[in-house]
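One letter stands for each residue in the lines below.
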Amino acid sequence: MNEYMQLAFKESLKAFKKKEIPVGVIITKNNKVIARAHNDRQKKYNVLGHAEINAIRKAEKKIKDWRLDGCEMYVTLYPCEMCEKIIEECRLSKVYYLLDKKQITNYKHMFIKIEDITLLEIYQKIIDKFFKELR
């Protein structure tokens, strides 16, 4: 199991416990974690409170640059279109994801699915439970 994706999964559980959409993100540079985040839109009343954006902002502060060249993102759920564009703009090198959200159409070279059946099954149950409880 990929250790960074496991950390992202732990972040998604934090969001789940807070009744946020359970998405978690880890950003690494040179094989070191430089940022971690989860969704907090509800808690902070912020439409931009996506896990990806939260993690990107932390990474930018950590390395003191908005360009995240050489950084890699691990995210539990394939990013929305808004986050895709922000990921493109900040120049992340790679994005690894666990669960498909939609068909990939752009930037195929950047988005790489991690095939971890065990973690995927657990994460799928959490996503399903979250939206079932929401309705």
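Residues numbered from 1 in each chain as written. Predicted model: local features only at pLDDT ≥ 70, side-chain atom pairs only at ≥ 80, totals over all residues. Heavy atoms only, no water.

Caption draft 1: Spatial organisation of helix 3 (residues 51–63). Taking 1.5 Å per residue, 13 residues should reach 18 Å; helix 3 reaches 18 Å between its end C-alpha atoms and fits that length. Within the span of helix 3, buried status applies to Ala 51, Glu 52, Ile 53, Asn 54, Ala 55, Ile 56 and Ala 59. The inward-facing, buried residues of helix 3 contact strand 1 (24–29), strand 2 (32–38), strand 3 (71–77) and helix 4 (81–90). Where helix 3 terminates, the next one or two residues include Lys 64, which has phi positive at roughly 60 degrees. (Helix = DSSP H or I, 4+ residues; strand = E, 2+ residues; numbered from the N terminus. Expected span 1.5 Å × (residues − 1). Buried < 20%, exposed > 50% of the residue type's maximum accessible area, 1.4 Å probe, protein only. Contact = heavy atoms within 4.5 Å.)

Caption draft 2: View of unusual backbone geometry. Even without being a glycine, Asn 31 presents a positive backbone phi close to 60 degrees. Relative to the elements of secondary structure, Asn 31 occurs in the loop between strand 1 and strand 2. In this structure, Tyr 45 is a non-glycine residue whose phi angle is positive, near 50 degrees. Examined against the element boundaries, Tyr 45 turns out to sit in the loop between helix 2 (41–44) and helix 3. Judged by relative accessible area, Tyr 45 falls into the exposed class, the value being 75%.

Caption draft 3: A look at the pattern of salt bridges. With the rule as written, the count across this model stands at 5 salt bridges. Residue Lys 44 pairs with Asp 40 through a salt bridge whose shortest N-O separation is 3.5 Å. Since its relative accessible area comes to 54%, Lys 44 is described here as exposed. Between Glu 88 and Lys 85 there is a salt bridge; the shortest N-O distance is 3.1 Å. (Salt bridge = Lys/Arg side-chain N within 4 Å of Asp/Glu carboxyl O.)

Caption draft 4: Geometry of the pairing of strand 4 (residues 94–99). Most of strand 4 is tucked away, with 5 of its 6 residues classed as buried. Of the strand pairs in this sheet, strand 3 and strand 4 are connected by 5 bridges, and their pairing is parallel. Pairing of Tyr 74 across the sheet is with Tyr 96, part of strand 4. On the question of chirality, the crossover connecting strand 3 to the parallel strand 4 by way of helix 4 is right-handed. As defined by bridge partners, strand 4 adjoins strand 5 (residues 111–113) across 3 bridges and the pair is classed as parallel. Counted as the bridge partner of Tyr 97 is Lys 113 from strand 5. (Pairing = 2+ DSSP bridges. Right-handed = clockwise from strand over helix to strand, strands pointing away.)

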